[in-house]
Every structure is written in structure tokens, then in C-alpha cells.
Amino acid sequence: MAGSARVFFALWPDAPVRDALHDAGRRLHAALNGRLTRAPSIHLTLLFLGTVAEARLDALREAASTVSVEPFSMSLDRAACWRHNRIAWVGPSNAPQALEDLVSRLRRQVEEAAFDFDRKPFAAHVTLVRNAHCGPSLAPVAPIAWDVRGFVLVRSRLDAGGSRYEAIGRWEEGLE
């Protein structure tokens, strides 16, 4: 739709975490086939909004700017595959409370600013393989430690190679 953007809020890993996640993705891909997520696209979605009018992006960034970023660490120590959508992913066995709190605060601020968003329950995961041939079990993954210091607002653009992501807003510890 002209004059609009497809957007979501996400955690974006630094290079060492991204590389570890991509390595885990390659192992999952070898076992499950499908389409491996490109390394530059690896992220953990916090809140998906979908299509938003370009004219409202500043208001969305303003709403996000009121959400404080509490630094936290998490361990991505669980691999799974959802059969209903054929997505292989890794995530924390137990999502840290700070992650749940961040998602809740984002939802509240976005809702107060009159934006619509996907209201499905939050499931902390990083998609690593799409169109995976999900089997009965997956080999365990080596835990990946992720120190979270902020979140981003991402614009998604589709092209012949798939989705391309661009950060159009960034909120980190110490950046106000």
C-alpha cells in the first residue's frame, strides 16, 4: 500500500550473537531442510504491527520512546519446530521477566497511541528456518547468551530475495 510501511519492534542481536544464531540455524537447516534465515535478518520479534501509514511513523517512534529499556540477559537454550507454520526456532526455556515486561510496556504504549498490533500471546523465539520439515524431535542446541541493551523499530520490505529489514528507530540503554 502506497504511503505505508510494514513494521515491527524487535530485539536485534550484536554480531557475536547473530553469528551464533546463524550457526544454530545452519544445524537446524541441515536436519530439517527448508529455507535458512539470512544472518542479517536474524531477530526476535517483540511486537508486530503490520501496515502503518508513513504519516504515523513519528507517532509510533514517540510512543516507543516512552518505554524504558531495562538491560537483561537471556539464554537461548531451546530449539523447536512449529508444525502448523513449519518454522524452526530457538528461544529461552524460560523467558526472563525483563523481556516479558518490555513486551508489556511496548504493547501498552502502542495501544495508548491508537496503533493496532498483533495481539497473539508473546512467544519468545528467533526464527531460523522457514518451510522446515518438522520431525518428532530436534537435537539440543548449545545455549546462546544474549545481553539485551535495547530494541529497534524495523521496516520490512519484500523483494525477489525475500524480506529485507531496515531499523527505523532504536532505543538502547543510555540513549534517550
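Our structure's up above, just so we're on the same page.
Scoring rules and cut-offs
- Residues numbered from 1 in each chain as written.
- Predicted model: local features only at pLDDT ≥ 70, side-chain atom pairs only at ≥ 80, totals over all residues.
- Heavy atoms only, no water.
- Pairing = 2+ DSSP bridges.
- Helix = DSSP H or I, 4+ residues; strand = E, 2+ residues; numbered from the N terminus.
- Axes fitted to C-alpha atoms, helices over the stretch in contact; angles between N-to-C directions.
- Contact = heavy atoms within 4.5 Å.
- Buried < 20%, exposed > 50% of the residue type's maximum accessible area, 1.4 Å probe, protein only.
- Phe/Tyr/Trp six-rings, centres within 6.5 Å; stacked < 30°, edge-to-face > 60°.
- Lys NZ or Arg CZ within 6 Å of the ring centre and 35° of its normal.
- Disulfide = S-S within 2.5 Å.

Topic: the sheet that holds strand S1 (residues 4-11)
Thinking step 1. The strand order across the open sheet built from four strands is S3-S1-S9-S10, with neighbouring strands paired in antiparallel fashion. Each of the sheet's edge strands pairs with one partner strand only, and the pair in question is strand S3 (44-53) and strand S10 (162-172). Across the sheet, the mean angle separating the axes of adjacent strands is 25 degrees when strand polarity is ignored.
Thinking step 2. Pairing analysis gives five bridges linking S1 to strand S9 (residues 150-159), with the strands arranged antiparallel. What sits directly across from valine 7, in S9, is arginine 155.
Thinking step 3. Packed onto the sheet, helix H2 (residues 57-65) meets S1, S3, S9 and S10 and runs at close to 50 degrees relative to S10.

Remarks on the pairing of S1
The side chains of a regular strand alternate, first on one face of the sheet and then on the other.
Thinking step 1. The buried fraction of S1 amounts to seven of the eight residues, a majority that puts the element mostly inside the structure.
Thinking step 2. In this structure, S1 lies alongside S3, joined through eight bridges in antiparallel fashion. Paired with alanine 10 across the strands is threonine 45, a residue of S3.

A few points about the packing of aromatic side chains
Thinking step 1. Throughout the structure, instances matching the rule amount to six aromatic pairs.
Thinking step 2. Summarising the aromatic geometry, the rings of phenylalanine 9 and phenylalanine 151 are spaced 6.0 Å apart at their centres and angled 65 degrees between planes, so their arrangement reads as edge-to-face. Remark: phenylalanine 151 occurs in strand S9 and phenylalanine 9 occurs in strand S1; sequence separation between them is 142 residues.
Thinking step 3. On the basis of an interplanar angle of 40 degrees and a centroid distance of 5.0 Å, the ring pair of tryptophan 82 and tryptophan 89 is categorised as tilted.
Thinking step 4. In textbook terms, an aromatic cluster arises when at least three aromatic residues are bridged by ring pairs, as seen for Phe8, Trp12 and Tyr165.
Thinking step 5. In this structure, arginine 56 is placed above the aromatic ring of phenylalanine 115, and the distance from its NZ or CZ to the ring centre is 3.8 Å.
Thinking step 6. The ring of phenylalanine 117 carries arginine 119 above its face, with NZ or CZ at 4.1 Å from the centroid.

A few points about the state of the cysteines
Thinking step 1. Scanning all chains against the criterion turns up one disulfide.
Thinking step 2. There is a disulfide in this structure between cysteine 81 and cysteine 134, and the S-S distance comes to 1.9 Å. One disulfide, between cysteine 81 and cysteine 134, carries an S-S torsion of -55 degrees and so falls in the left-handed class. Here the residue cysteine 81 occupies a position in strand S5 (residues 78-82), and cysteine 134 occupies one in the loop between strand S7 (126-130) and strand S8 (144-148), the gap between them amounting to 53 residues. Taken as a pair, cysteine 81 and cysteine 134 share a single burial class, namely buried.

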